[in-house]
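A structural walkthrough
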Amino acid sequence: MEPWQIILQNSITTLDGLQEHLDCDSNALREVIANFPMRINPYFLKLMHHPGDPMWKQAVPDVAEINDRVCEEDPLEEENLSPVANLVHKYPDRVLFLVSNTCAMYCRFCTRNRKVGTAKMKITPETLQAGYDYLRCHPGIREVLISGGDPLLLPDEEIAAILKNLRSIPSIEVIRIGTRVPSVLPMRITDKLVTLLKAYHPLYINTHFNHPAEITAESSLACTMLADAGIPLGCQTVLLKGVNDDAETLKKLFLALLRIRVKPYYLFQADLTRGTNHFRTSTATGIAIMRQLYGHISGMAIPTYALDGPKGKGKIPLTPQYILAQGDTLVFENYQGELCSYPEADCG
Ligand SMILES: *Cc1c(COP(=O)(O)O)cnc(C)c1O
Ligand code: SF4
């Protein structure tokens, strides 16, 4: 076994394990864990310092998960938008292809908690083949986003086989991998994996960091190795109540990501996923945070704040309103709240 596999094997996955390592009433969590699995690996465990801190909230189950009466099982209607199992075709030119059903940690706010980490998510050689066949028959699809679960938890050979199959389809221009491994199990990024990945360019990786404390020597090294292999790195952060829902925390996170060569890509408004209502903030909070970022820090460090529309309507950017009036002259305010104007071009 590789070192990262041993680390993973030593994860907390049971009530007893939780009781042993963390200060919490684990009995109350029995039903919660039965509902959505828990996996707290030793690397991430070390990042937690006290009950309820931002790392804790992301990884440790909470009874609020089973008291959610607001959210839905599949708010993005991914299942309805899947022409074949585990392939979500929502946009004309790109698809989401789920190739793995496990993760290095089960994030308590996971959008796909209806199936990730459970037997409900069946990935087999047949489902993979059905995906390749679908892509081959739909040459309008030029980008495949490989996700899961976490694709980088698959063995190297399986990752290579998936990439090779996708690269054999002439209409696929770009491959994008969505993975939380760099932030939750950075030692999975090995020299061997990086060498394998860089044979399939243009390959992009979008990772997922939510808090500045996730930027460690280990996660920095993982991102550096991937960037050195010529893989452009983006980050998809989820706006989470009690974890990162303030401008100072997000500024720190986004600037730190830039330093490790990761470009903040999306800041997601939390989806309406059953069991995660306690993580949702108002969009007003999110927009106010964005206003404190634009102009104040490098534009390179600023992601698009987006809401993934319920019922599969797609991602909608949520942006502070700077435009005050639009006519012959555009009237707007700048990032410091100063009133400005810009004469429009003569369209006559
Ligand atoms: C988010 C998403 C994509 C990718 O959208 P981008 O805006 O290109 O990042 C593609 N397919 C599905 C189903 C998605 O949810
Ligand atoms: S890594 Fe992604 S897919 Fe896995 S539990 Fe976390 S949010 Fe869900």
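Residues numbered from 1 in each chain as written. Chains lettered and ligands numbered in written order. Predicted model: local features only at pLDDT ≥ 70, side-chain atom pairs only at ≥ 80, totals over all residues. Heavy atoms only, no water.

Quick word on the sheet that holds strand 11 (residues 329–333)
Through backbone hydrogen bonds, the strands of a sheet pair up, either in parallel or in antiparallel fashion. The strand order 10-11-12 describes an open sheet built from 3 strands, whose pairing is antiparallel. What marks the edges here is a single partner per strand, and that holds for strand 10 (323–326) and strand 12 (339–343). Each strand axis lies, on average, 15 degrees off the axis of its neighbour in the sheet, ignoring direction. Sheet topology places strand 10 next to strand 11; 3 bridges connect them, and they run antiparallel. Each residue of the ladder has a partner; that of Ala325, found in strand 11, is Val331. (Pairing = 2+ DSSP bridges. Helix = DSSP H or I, 4+ residues; strand = E, 2+ residues; numbered from the N terminus. Axes fitted to C-alpha atoms, helices over the stretch in contact; angles between N-to-C directions.)

Details of the pattern of salt bridges
Taken as a whole, this structure holds 17 salt bridges when the rule is applied. A salt bridge links Asp308 to Lys90; its shortest N-O distance comes to 3.3 Å. Taken together, the residues span a long stretch of sequence, with Asp308 in strand 8 (residues 304–309) and Lys90 in the loop between strand 1 (87–88) and strand 2 (94–98) at a distance of 218 residues. The class for Lys90 is partly exposed, based on a relative accessible area of 22%. Taking the shortest distance from any N to any O, the salt bridge between Arg291 and Glu333 comes out at 3.4 Å. One end of the pair, Arg291, is in helix 12 (residues 283–291); the other, Glu333, is in strand 11, and 42 residues separate them in sequence. Overall, Arg291 belongs to the partly exposed group, its relative accessible area being 30%. (Salt bridge = Lys/Arg side-chain N within 4 Å of Asp/Glu carboxyl O. Buried < 20%, exposed > 50% of the residue type's maximum accessible area, 1.4 Å probe, protein only.)

Remarks on the packing of aromatic side chains
This model, assessed by the stated rule, comprises 6 aromatic pairs. Look at Tyr294 and Tyr322: their rings are 6.2 Å apart centre to centre, the planes differ by 90 degrees, and that puts the pair in the edge-to-face class. Linking Tyr294 in the loop between helix 12 and strand 8 with Tyr322 in the loop between strand 9 (314–317) and strand 10, this pair joins segments that are 28 residues apart in sequence. For Tyr294, a relative accessible area of 26% corresponds to the partly exposed category. A residue is classified by how much of its surface remains accessible, and Tyr322, at 18% relative accessible area, is buried. (Phe/Tyr/Trp six-rings, centres within 6.5 Å; stacked < 30°, edge-to-face > 60°.)

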